[in-house]
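Inside the fold
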Amino acid sequence: MILRVFFVLLGSLGILLSVGCSHERQIEGSIAGGDAKSKVAFSIPANEDKNLKSEEWLSHGRTYAEERYAPFTSINTENISDLGLEWSFEFGTSRGIEATPIVLDGVMYATSTWNLVHALDAKSGVHLWTYDPEVDRSRGAFLCCDAVNRGVAIWENQVFVATIDGRLIALDSKSGKVNWDVLTIDKSRPYTITGAPRVINGKVIIGNGGAEFGVRGFVAAYDVNDGSQLWKFYTVPGDPADGFESDAMKLAASTWNGEWWKIGGGGTVWDSMAYDPELNLLYIGVGNGSPWNQELRSPGGGDNLFLSSIVALNPDSGDYVWHYQTTPGDTWDFTATQHMVLADIPVKGVMRKVIMQAPKNGFFYVIDRTNGEFISAKNYVSVNWATHIDEDGRPVEVEEARWPGKQPYLQLPGPYGAHNWHPMSYSLDSGLVYIPAQEIPFPYADDKEFKYAPGKWNTGADIGLASLPEDKSQEEAFFKSVKGRIVAWDPVKQEQAWAFEHPAPWNGGLLSTGGNLVFQGTADAHFAAYNAKTGQRLWKYFTQTGIVAAPISYVIDGQQYVAIATGWGGVFALTHGGVTNLSTQKQTGRILVFKLDGQSSLTDSRIKESGDVSTIVPEIKADLSDSDIASGKANYNQHCLGCHGDRAISSGLVPDLRKSKILSNSAAWKAIVHDGGLRPMGMPSFADVLSTEDVEAIRAYILSEARSLSD
């Protein structure tokens with residue numbers, strides 16, 4: 001029944017998308033329309049360290065404005081074919097490499113899985129030091145989207161890393177020794193950190209994640225010298241009976257209903273930030289509600305501030321200044337944590353200071369960054385949940401899209417977003433914003449069996465409806481509806497200039513350069529360069545592993561380099577990586593650094609798949625109960641799919657359960673899944689939400705999937 005409903009919906013998706021699809025897709029080689037150039041008020045972070053050089057990559061987005069634009073011209077459209085690998089550094093893992101390297105004084109600081117920090121000579125690749133924070137991997141049980149992190153920040157002679165288990169650590173940049181190590185979260189709550197810190201005027205700023213697990217979001221600032229907390233700003237209100245921390249929280253509480261504080265509320269600040277030193281405003285992107293289903297967290301609706309919002313704060317005090325909400329009353333996991341860029345662009349003939357964002361909901365926003373005034377918004381991909389954004393900056397929703405209601409509703413975008421965390425780039429030359437866009441439909445429907453489980457995945461959505469079919473023709477139909485592309489967007493005209501289509505979604509972040517180039521890594525294991533004005537692909541390199549991170553560029557001794565961290569990962573890779581057939585996730589993650597006439601090459605260090613299905617096939621009995629399999633599938637989809645893959649088809653980033661020897665031993669299976677025998681490795685215990693019978697039913701379901709391997 002589930003599959004029939006899903007594919008009836010899929011078949012009608014083209015009709016549904018007549019709503020809100022207002023631009024035609026252009027393809028590779030089309031002419032760019034980005035003739036309106038823009039300017040920014042500043043080019044490098046206003047750091048007090050006199051040694052900072054504009055030829056290096058000093059901050060997460062290169063500058064406080066987060067353009068991810070490198071003005072260097074040595075590598076350009078005329079000589080890009082001569083780009084070659086100069087050096088590489090192997091991480092020893094390919095799982096979830098999402099970090100942006102930082103380059104200062106000729107040293108590159110990069111991170112890998114579980115927050116390891118590596119210092120490398122940025123010119124030669126010589127390894128200088130590695131720091132292992134020895135994170136508590138049991139906190140991996142609270143990660144919605146893989147054991148990832150997005151890099152470090154640097155200020156004067158210190159490197160700052162925020163860990164999955166909630167710590168903020170300052171390292172000596174020369175030696176990697178710890179200067180201080182502070183806990184930023186309440187460890188009794190399921191908080192984690194995956195974002196990169198930012199440093200502003202001697203303050204390290206960091207948020208956290210955990211909305212799906214029932215936390216209350218906040219962002220906080222810490223002193224660079226000793227790690228002492230200087231301020232904290234909550235993004236959603238707490239229990240009104242306890243009083244409000246600020247007038248902003250009192251305002252926010254008026255937009256909520258029910259007893260949201262009992263299940264956290266959500267609103268985590270898990271990724272993007274930007275800073276304007278002239279206005280002295282810090283901009284934070286705020287995430288989704290907890291649970292997704294608004295009727296469960298705020299019965300009767302309401303805007304639910306500050307979910308899905310851009311919020312401007314005074315970075316000295318953490319005081320609220322203004323906000324703009326992209327998705328009022330979010331019920332779709334439409335976060336506004338996606339990359340934000342500051343620029344000065346002409347609006348109706350007048351230069352305006354703006355902040356630009358392409359959040360999950362599919363609309364590209366231009367907002368006045370001085371006061372939060374809405375300027376314009378237009379959909380940059382096909383959408384069918386709203387027809388447009390009205391003149392007041394509010395989405396005009398399609399009635400059937402707000403769930404629970406007429407269910408299920410097959411929607412674009414879904415929770416993967418039209419643009420997820422992968423950074424976009426803004427070129428000061430072309431005036432275009434380059435977005436790693438995607439289209440992945442999702443059938444939203446109420447989980448009628450939902451019971452809130454503290455510390456576990458809580459969405460209120462029937463995730464099982466999105467499970468892929470076993471029928472190959474239906475599976476192919478689904479993947480034809482799933483798309484990934486670069487969208488070059490003109491923020492002045494609010495229209496697409498060009499697009500380049502990829503074979504799959506979940507591709508890497510972007511970099512634009514003064515050489516009229518755009519660089520991006522892709523899920524199908526390539527790193528490529530495109531003409532920034534036309535979208536023509538000019539060069540590509542096989543990387544042996546998929547890429548989700550964003551590239552950087554820097555100059556040392558007059559030589560321009562382009563670098564990328566490779567290694568596929570994240571929620572889509574874990575959930576659907578095994579069925580996309582990209583075969584990239586089993587490789588080794590690396591830092592790859594390129595320059596003109598680079599002569600290095602990659603050795604084949606592919607990791608062989610462990611396990612053999614023949615070890616479990618003899619244990620699969622023909623009398624597996626249909627009811628056990630059905631019950632196990634429902635519980636698997638709710639609790640296991642996010643890490644171990646749809647239909648138990650592993651991405652290769654975590655063990656393939658169908659090929660596990662443990663699967664043949666009921667007692668050993670219970671000891672791990674129910675009793676938490678592998679909790680120190682990041683595999684949680686499910687004893688508080690699953691009975692031993694439930695755990696055994698999950699085993700029956702996976703055994704049935706394993707049996708299909710030998711059919």
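Everything in this summary refers to the structure shown in the same document.

Calculation criteria
Residues numbered from 1 in each chain as written. Predicted model: local features only at pLDDT ≥ 70, side-chain atom pairs only at ≥ 80, totals over all residues. Heavy atoms only, no water. Pairing = 2+ DSSP bridges. Helix = DSSP H or I, 4+ residues; strand = E, 2+ residues; numbered from the N terminus. Axes fitted to C-alpha atoms, helices over the stretch in contact; angles between N-to-C directions. Salt bridge = Lys/Arg side-chain N within 4 Å of Asp/Glu carboxyl O. Buried < 20%, exposed > 50% of the residue type's maximum accessible area, 1.4 Å probe, protein only. Disulfide = S-S within 2.5 Å.

A word on the sheet that holds strand β38 (residues 559–566). To summarise the sheet geometry, strands pair through backbone hydrogen bonds and adopt either a parallel or an antiparallel arrangement. Taken in spatial order, the four strands of this open sheet run β2-β39-β38-β37, and their pairing is antiparallel. Taken across any chain shown, the strands that pair with only one partner, and hence form the sheet edges, are β2 (83–90) and β37 (552–556). Looking at each pair of strands side by side, their axes are set apart by 30 degrees on average, direction ignored. With five bridges connecting them, β37 and β38 associate as antiparallel partners. Paired with I556 across the bridge in β38 is Q559.

Pairs can form between side chains of opposite charge whenever their charged atoms are close. Following the criterion strictly, the structure yields 23 salt bridges and no others. With its nearest N and O atoms 3.3 Å apart, the salt bridge here joins D165 to R167. With its nearest N and O atoms 2.8 Å apart, the salt bridge here joins R167 to D181. Of the two residues, R167 is situated in strand β9 (residues 167–172) and D181 in strand β10 (residues 178–183); the sequence distance between them amounts to 14 residues. Given a relative accessible area of 15%, R167 falls into the buried group. In this structure D181 comes out as partly exposed when scored by relative accessible area, which is 36%. Three or more residues joined by partner-sharing salt bridges are found here, namely D276, E278, D344, K353 and R369.

Reading across the sheet, the four strands line up as β21-β22-β23-β24 and stay open at both edges, with antiparallel pairing between neighbours. Pairing within the sheet leaves two strands with one partner each, and these edge strands are β21 (340–347) and β24 (374–379). Adjacent strand axes in the sheet meet at a mean angle of 30 degrees when their direction is disregarded. Taken together, the five bridges between strand β23 (residues 363–368) and β24 define a ladder with antiparallel strand orientation. Pairing of F364 across the sheet is with K378, part of β24.

With that out of the way, let us pick up the state of the cysteines. All told, the structure shown has one disulfide when counted by the stated rule. Each sulfur of the disulfide joining C144 and C145 lies 2.0 Å from the other. For the disulfide bridge between C144 and C145, the dihedral angle about the S-S bond is near -90 degrees, and by the sign convention the bridge is left-handed. A relative accessible area of 27% places C144 in the partly exposed class. When its relative accessible area of 25% is taken as the criterion, C145 is described as partly exposed.

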